[in-house]
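In case you want the letters, here they are:
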Amino acid sequence: MRTGSEPTTARSALRMRFWLSLWGVAWTVFGTAAFALADRIGWAAACAALWLVATVDLAVVLRHIRQGPHYQPGPDVPPYRPPEGGDR
């Protein structure tokens, strides 16, 4: 049964987002270094900007993971409000 409150009760896959952010950081570091060595300053700057974004995202994900279970509702929290009106 859907109640429309799913976006506020959704659970995030923070571990997967952590690994994807780490993958993004690795590729942007590589891209920045490769373009800088190839003397493509514009592309190196673009990769450096993406590197900054990926690093900030990684820091946010790590902060949320370290906050522990109070950041995300646990399995005992229902994903929706029970229907009103009793049992049917």
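Here the structure is a predicted model, which is why all the values come from computation and not from measurement. (Residues numbered from 1 in each chain as written. Predicted model: local features only at pLDDT ≥ 70, side-chain atom pairs only at ≥ 80, totals over all residues. Heavy atoms only, no water.)

### Concerning the overall build of the chain
This is how the line gets drawn: Secondary structure elements are taken from DSSP: a helix is a run of H or I of four residues or more, a strand is a run of E of two residues or more, and numbering for both begins at the N terminus. Using a 1.4 Å probe on the protein chains alone, a residue whose accessible area is under 20% of its type maximum counts as buried, one over 50% counts as exposed, and one in between counts as partly exposed. Here, residues are in contact when the closest pair of their heavy atoms is within 4.5 Å.
Along the backbone of the chain there are three helices and zero strands. From first element to last, N terminus to C terminus, the chain shows the α and β order α-α-α. The burial tally for the chain puts 16% of its 88 residues in the buried class. Taking as baseline every contact in the chain between residues at least 6 positions apart, the subset at least 24 positions apart corresponds to 72%.

### Overview of helix α3 (residues 41-67)
To be explicit about the condition: The length a helix should cover is 1.5 Å for every residue beyond the first.
Along its 27 residues, α3 runs 39 Å from first to last C-alpha, staying within 8% of the 39 Å computed at 1.5 Å per residue. When we look at burial in α3, the residues that qualify are A44, C47, A54, L58, V61 and H64. On its buried face, α3 is in contact with α2 (14-37).

### Concerning the nonpolar core
Nonpolar side chains in soluble globular proteins generally cluster together in the buried interior. Which entries qualify depends on this criterion: By nonpolar core is meant a set of buried Ala, Val, Leu, Ile, Met, Phe, Trp, Tyr and Cys residues that side-chain atoms within 4.5 Å join together.
Judged by nonpolar contacts, L14, F18, V25, A54, L58 and V61 together constitute the single largest core of six residues. For V61, the contacting residues outside a window of four places in its chain are L14, R17 and F18.

### Let's talk about the confidence of the model for the chain
Low pLDDT means the predicted atomic positions in that stretch should not be read closely. Note the cut-off: How sure the predictor is of each residue is captured by pLDDT, a score from 0 to 100.
Of the residues in the chain, 65% reach a pLDDT of 70 or more, and the chain-wide mean stands at 82. Predicted confidence in the chain is weakest over helix α1 (residues 6-9), with a mean pLDDT of 60, and strongest over α2, with 95.

### Focus on the pattern of salt bridges
The test is simple: Should a side-chain nitrogen of Lys or Arg be within 4 Å of a carboxyl oxygen of Asp or Glu, the pair is scored as a salt bridge.
For the structure on display, the rule yields one salt bridge. As a salt-bridge pair, R17 and D57 come within 2.5 Å of each other at their nearest N and O atoms. Note that R17 is positioned in helix α2 and D57 in helix α3, a separation of 40 residues in sequence. When its relative accessible area of 32% is taken as the criterion, R17 is described as partly exposed.

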